[in-house]
Amino acid sequence: MYTTQDEQRLYNQAKALLNNDAATVEATTQQLREVLNYADWKYYVQSEPVLADAEYDTLFKKLQHLEEQYPEHITGDSPTQRVAKGLSEKFPAVSHLVPMLSLDNTYNADDLRDWDRRCKELAGTDDIEYCAEPKYDGASISLIYENGQLVRGATRGDGVMGEEVTTNIRQIRSVPLSAAFTKDNINQIEIRGEVVINKDVFAAYNTQRISEGLSPLANPRNAASGTLRILDPAEVGKRKLSAILYHISYYTQTGDSVVPEALQTHYGSLNWLYQLGFPTPVHEMKRFRSIDEVIDFCAAFEARRDDLPYEVDGLVIKVNNFLLQDKMGMTTHHPRWAVAYKFKARQATSKLLRVEFQVGRTGSVTPVAKIEPVPIGGVTVSSISLFNEDVVREKDLHIGDTVLVERAGDVIPYIVKPLAELRDGSEEKIVFPTHCPVCNEELEKPEEEAVWRCINISCPAQVVERIIHFASKDAMDIRNMGDANVRKFYELGLLKNIPGIYTINWDEIAKLGGFGEKSITNLKTAIDNSKQQPLNRVIYGLGIRHVGETMAKTLANAVEHIRDLYNYTEEQLLALEDVGPKVAASVMHFFHTPENRHMIDLLEQAGVNLVNQKRNTSQASGELEGKTFLFTGTLNRFKRSEAEAMVEAKGGTLLSSVSSKLNYLVVGEDAGSKLEKAKKLGTVAILSEDEFLTLING
Ligand code: AMP
Ligand code: ZN
């Protein structure tokens, strides 16, 4: 792997390559490959980026450019070769060097003690060291390296034959394309592991799908295995898969070379792989001398399961010593030297009582299953979105069905399937409404879309949902406004549309009861403050179809005033980053609708910021260009978001943690560990709120 010296050398090499090439093209491409592979490892395996994104991109493009000119210098482990060209035809079946078996399961301490007894019998000794590590809930893969190069990646398939998905696996940035196996004279090695999708990546992906009218994927496991089989490798790359390797199943060495000492135990082998640059569970795995210790570890780990960035469905306990493993052998189904300890299932069965149809802010009508309340993984589930008609049809759901419900980690609950075998004939078909359940307008289903829509833009359900969206945390962030208040004000006729937020008659609200003076003042202040929100939040808050937070930023950055968007042509829109025909059409439609323009006029009259402040001030005042800031503690003179906006308006950059890259730490009251860390570093300027204001105001 990389020693401290290597790391220093590669870091300096990266910095040097940003400005100068090496003596020859060959040396330059070779050095670029080295530093980019190193940067990938730091980023994807160690989670400690060493290069700024822009620096990485510059070096990457430089390598790409050189390789275009001098294709003879392209090597298989060049990071540019991860970038997929063309489509995979289909995935050929390949046989595994060693069958990929399943695992035997245990569910409690007694099961584990039984397994411990069996291990001792089979091993012929009471002295067994165990190793425990997470059971990753993804898709298993096998990687084959020959002479240090990744030559094949395959899915598990039926355990004997799998699908060859090498091109897709090359998209996973934590999987090394080459590794120094030849150092130990290993000419062929097969490594097993799991491909997973982190929970946050998964959640973002589903949000995206839902906003596009697609049904979300059930869980990270399905998402991972589905992604491995996508025919377009570029799409695979976008899905941000992670890999974790936990087993060496086979290797051959040339001649009569000695086996590296590390390869005598499971624990040693995973450390060895880690040293070679592989993502392995070195930080999670633990060794134990007795099954009781293992049992304690299992309980403690299960309690932390929701804190992990990826899904785990249990732990895997393995006999650490390879000689003992060989002695114990395997059945046709599973190895005898390993066992899974399964965490409590997050599935339950319940009865589907009825289906309600909810109208969202874009008019989409979503079927929502109401089930008999059932506790799953610590929360009671009674309401589950069914997303759209196709989902209901595919699953063949009926009212009265007993349904299997799953709730994985932070993932929203969903219905896996009905238990058709439990039907008694009294179940009823789910009937979809032909008219809006709220305003009674006839519903429409645009072609290529899965959802029915109410297209009446004054449909009360939509108006309310739009106001709620505008006030929400990620949009205008009007605290204390909340769904319930919006609904209440709307029903009472005190709030009719988005601009109406700024002209609420507070005397009427005060008369309502239930609102103290204090809560009214708070709400008023929150509404007033929202007028200063940056343009991207306003654009996001308007709820233009297909315009999420990122797209709203792109649009806001492109203009000086929101009205500039009235004149944008489709062509101009398409030229913006990530804007496709769907977004362009939707943005055009929105800004050409007279009601929407009127709404924007009203917002302007109310004093809501509609200009891109960054753009209007950056030329005049990029004084903080290149300077980095972080805020900590409770700020009294301004809101954190305001202060951050000031920094950005002057060209400064915000960081999320204290590091050597940080220039200024602004401290409010009760500042904690960040302040400590900054003091320790000694390179960070520590500012009070007043000092910060002085700095900002020049
Ligand atoms: P199952 O599919 O429930 O029989 O469990 C067996 C599967 O668990 C294996 O095929 C692996 O894909 C997966 N697995 C996840 N984490 C590990 C691990 N740390 N060690 C071994 N297998 C694992
Ligand atoms: Zn309606």
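Data block above holds the structure.
## Topic: the sheet that holds strand S22 (residues 685-687)
Strand pairing within a sheet occurs via backbone hydrogen bonds; the two strands may be parallel or antiparallel. Strand order in the open sheet formed by four strands is S20-S19-S21-S22, with parallel pairing between adjacent strands. The strands lining the two open edges of the sheet, one partner per strand, are strand S20 (653-654) and S22. Two elements, strand S21 (residues 664-667) and S22, share three bridges in a ladder whose sense is parallel. Paired with Leu-665 across the strands is Ile-686, a residue of S22. In this fold helix H23 (residues 640-649) packs onto strand S19 (628-632) and S20, with an angle of close to 170° to the strand it touches most, S19. The strands touched by helix H25 (residues 689-696) within the sheet are S19, S21 and S22, with S22 carrying the most contacts at an inclination of about 105°.

## Comments concerning the pattern of salt bridges
Applying the stated criterion across every chain yields a total of 37 salt bridges. The salt bridge involving Glu-356 is made with Lys-370; its shortest N-O contact spans 3.8 Å. Pair noted here: Glu-356 is in strand S12 (residues 347-359) and Lys-370 is in strand S13 (residues 364-376), with a separation of 14 residues, a long-range link. Since its relative accessible area comes to 28%, Glu-356 is described here as partly exposed. Exposure remark for Lys-370: the relative accessible area of 17% places this residue in the buried category. Of the charged contacts, one joins Asp-601 and Arg-563 as a salt bridge, the two residues approaching to 3.0 Å between their closest N and O atoms. Here Asp-601, found in helix H21 (residues 594-605), pairs with Arg-563, found in the loop between helix H18 (549-558) and helix H19 (570-574); they are 38 residues apart in sequence, far enough to count as distant. Judged by relative accessible area, Arg-563 falls into the partly exposed class, the value being 26%. When salt bridges with common partners are traced through the structure, they connect Asp-6, Arg-9 and Glu-34 into a single cluster.

## A closer look at the environment of Lys-473
Structurally, the position occupied by Lys-473 is in the loop between helix H13 (460-471) and helix H14 (482-491). For Lys-473, a relative accessible area of 63% puts it in the exposed group. Distance from Lys-473 to Arg-304, taken between C-alpha atoms, is 28 Å for residues 169 residues apart in sequence.

## Side note on the nonpolar core
Counting residues in hydrophobic clusters, the biggest one holds 87 residues, and the most contacted among them are Tyr-130, Tyr-145, Phe-181, Trp-272, Phe-278 and Ile-317. Broken down by element, the residue count for this core peaks at seven residues, all from helix H2 (residues 25-45). For Phe-278, the contacting residues outside a window of four places in its chain are Val-45, Tyr-145, Pro-176, Ala-179, Phe-181, Ile-191, Leu-245 and Leu-273. Formed by 56 residues, the second largest nonpolar core is a distinct cluster that contains Phe-489, Leu-542, Leu-555 and Val-559.

## Brief notes about the coordination of the zinc ion (ligand 2)
Cys-436 (SG), Cys-439 (SG), Cys-454 (SG) and Cys-459 (SG) make up the full set of protein donors to the zinc ion (ligand 2), lying at 2.2 to 2.4 Å. What the four donor atoms of the zinc ion (ligand 2) show is an angle range of 97 to 115° at the metal, which sorts the shape as tetrahedral. The sequence pattern formed by the donor residues of the zinc ion (ligand 2) is C-x2-C-x14-C-x4-C. In this pair, Cys-436 sits in the loop between strand S16 (414-418) and strand S17 (443-444) while Cys-454 sits in strand S18 (residues 452-454), placing the two residues 18 residues apart along the sequence. Look at Cys-436 and you get buried, because its relative accessible area is 3%.

## Regarding the packing of H2 against helix H3 (residues 53-69)
Two numbers describe how H2 lies on H3: the axes approach to 10 Å, and their chain directions differ by 140°. Crossing hand, H2 versus H3: left-handed. Here Val-25, Thr-28, Thr-29, Leu-32, Arg-33, Val-35, Leu-36, Ala-39 and Asp-40 of H2 lie close against H3, whose contacting residues are Tyr-56, Leu-59, Phe-60, Lys-62, Leu-63 and Leu-66. Within the contact of H2 with H3, the residues separate by chemical class into ten nonpolar, two polar and three charged.

## Focus on the packing of helix H20 (residues 581-592) against H21
With their axes 5 Å apart at the nearest point, H20 and H21 run at an angle of 70° to one another. On the basis of the axis angle, H20 is roughly perpendicular to H21. Counted together, Phe-590, Phe-591 and His-592 of H20 and Pro-594, Asn-596, Arg-597, Met-599 and Ile-600 of H21 form the full contact between these two elements. Partitioning the contact of H20 with H21 into residue classes produces five nonpolar, two polar and one charged.

## Thoughts on the site of ligand 1
Among the 14 residues in the neighbourhood of ligand 1, the closest are listed as Ser-102, Glu-133, Ser-140, Arg-156 and Glu-194. A distance of 2.8 Å separates a nitrogen atom of ligand 1 from a polar atom in the side chain of Glu-133. Measuring from a nitrogen atom of ligand 1, one finds a backbone N or O atom of Pro-134 at 3.0 Å. Expressed as a share of its isolated accessible area of 500 Å², the protein-covered part of ligand 1 is 84%. For the shell around ligand 1, the secondary-structure elements that each account for two or more residues are strand S3 (130-136) and strand S10 (312-319). If one sorts the elements of the shell around ligand 1 by residue count, S3 sits on top with four residues. In terms of residue class, the shell around ligand 1 is built from six nonpolar, two polar and six charged.

## Concerning the environment of Gly-513
On the secondary structure map, Gly-513 appears in the loop between helix H15 (506-512) and helix H16 (517-530). For Gly-513, a relative accessible area of 34% gives the class partly exposed. Separated by 111 residues in sequence, Gly-513 and Thr-402 have C-alpha atoms that sit 44 Å apart.

## Some details on the packing of aromatic side chains
What describes a pair of aromatic rings is the distance from one ring centre to the other and the angle between the planes of the rings. The full count for this structure, using the stated rule, is 24 aromatic pairs. When the ring of Phe-357 is compared with that of Phe-432, the centres are 5.1 Å apart and the planes differ by 65°; the resulting orientation is edge-to-face. Of the two residues, Phe-357 sits in strand S12 while Phe-432 sits in the loop between S16 and S17, which places them 75 residues apart along the sequence. Per residue, the accessibility class of Phe-357 equals that of Phe-432, and both read buried. Between the aromatic rings of Phe-489 and Phe-515, the centroid separation amounts to 5.7 Å while the plane-to-plane angle is 45°, which identifies the pairing as tilted. Residue Phe-489 is found in helix H14, and its partner Phe-515 is found in the loop between H15 and H16; the two are separated by 26 residues along the sequence. Taken together, the aromatic side chains of Phe-288, Phe-297, Phe-301, Tyr-341 and Phe-343 make up a single cluster linked through ring pairs. Positioned over the ring face of Tyr-267 is Arg-287, at 3.6 Å from the centre of the ring.

## Some details on the environment of Gly-378
Positionally, Gly-378 belongs in the loop between S13 and strand S14 (379-385). Of the residues examined, Gly-378 reaches a relative accessible area of 79% and is grouped as exposed. Between the alpha carbons of Gly-378 and Leu-602 there is a distance of 46 Å; along the sequence they are 224 residues apart.

Criteria and thresholds
Residues numbered from 1 in each chain as written. Chains lettered and ligands numbered in written order. Predicted model: local features only at pLDDT ≥ 70, side-chain atom pairs only at ≥ 80, totals over all residues. Heavy atoms only, no water. Pairing = 2+ DSSP bridges. Helix = DSSP H or I, 4+ residues; strand = E, 2+ residues; numbered from the N terminus. Contact = heavy atoms within 4.5 Å. Axes fitted to C-alpha atoms, helices over the stretch in contact; angles between N-to-C directions. Salt bridge = Lys/Arg side-chain N within 4 Å of Asp/Glu carboxyl O. Buried < 20%, exposed > 50% of the residue type's maximum accessible area, 1.4 Å probe, protein only. Core = buried A, V, L, I, M, F, W, Y, C linked by side-chain atoms within 4.5 Å. Donors = N, O, S within 2.8 Å, 3.2 Å for Na, K, Ca; no water. Tetrahedral: all angles 85-135°; square planar, octahedral: opposite > 155°, others 65-115°. Left-handed = near helix turned anticlockwise from the far one by under 90°. Nonpolar A, V, L, I, M, F, W, Y, C, P; charged D, E, K, R; others polar. Parallel < 35°, antiparallel > 145°, perpendicular 65-115°, else oblique. Near = heavy atom within 4 Å. Polar contact = N/O pair within 3.5 Å; in protein donor to acceptor, adjacent residues only side chain to side chain. Areas by Shrake-Rupley, 256 points an atom, 1.4 Å probe, with all protein chains shown as cover. Phe/Tyr/Trp six-rings, centres within 6.5 Å; stacked < 30°, edge-to-face > 60°. Lys NZ or Arg CZ within 6 Å of the ring centre and 35° of its normal.

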